[in-house]
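Residues per chain are reported as follows:
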Amino acid sequence: MNKTKKMMAGVAASVMAISVSGCGNQDLPPEPTDVDCDDWDWDDDSGTYYCDDNRSPHFGYFWFAGRMFKNKSNLKSFSKYKSYSKSYKSGIGSGSKGGFGG
């Protein structure tokens, strides 16, 4: 029984390690800092940040590749976003969800 308990403890530890590492996919790019907005939220659908600060002149704007986009429609028509969106949606590079620096 002692060997069984040790084996089960090892299995439990492995499952925990895998589940914790799965949560590690929350590695988001840094929030923009050079824009007049104090509340950035991550939008899973677009894979970008948007300004959720209703006192900001950029409220509701999306941030991608160093640029502001007034709405998702404008963001989606940006050529760099189109290629990023394909890889983001397919999960390629999902560990980093990058594409931000320009």
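(A) Quick look at the pairing of strand β2 (residues 48-51). As paired strands, strand β1 (residues 40-43) and β2 are joined by 4 bridges and run antiparallel to one another. Each bridged residue has a counterpart across the sheet, and for W42 the counterpart in β2 is Y49. Connecting the antiparallel pair β1 and β2 is a turn made up of 4 residues, with G47 showing a positive phi of about 75°. Pairing of β2 with strand β3 (residues 62-64), which is carried by 2 bridges, proceeds in the antiparallel orientation. The residue bridging Y49 from the neighbouring strand is W63, located in β3.

(B) Fine view of the state of the cysteines. Counting across every chain of the model gives 1 disulfide. C37 shares a disulfide with C51; S-S distance 2.1 Å. Between C37 and C51, the S-S torsion sits near 105°, and that sign places the bridge as right-handed. Note that C37 is positioned in the loop between α1 (2-23) and β1 and C51 in strand β2, a separation of 14 residues in sequence.

Conventions used here
Residues numbered from 1 in each chain as written. Predicted model: local features only at pLDDT ≥ 70, side-chain atom pairs only at ≥ 80, totals over all residues. Heavy atoms only, no water. Pairing = 2+ DSSP bridges. Helix = DSSP H or I, 4+ residues; strand = E, 2+ residues; numbered from the N terminus. Disulfide = S-S within 2.5 Å.

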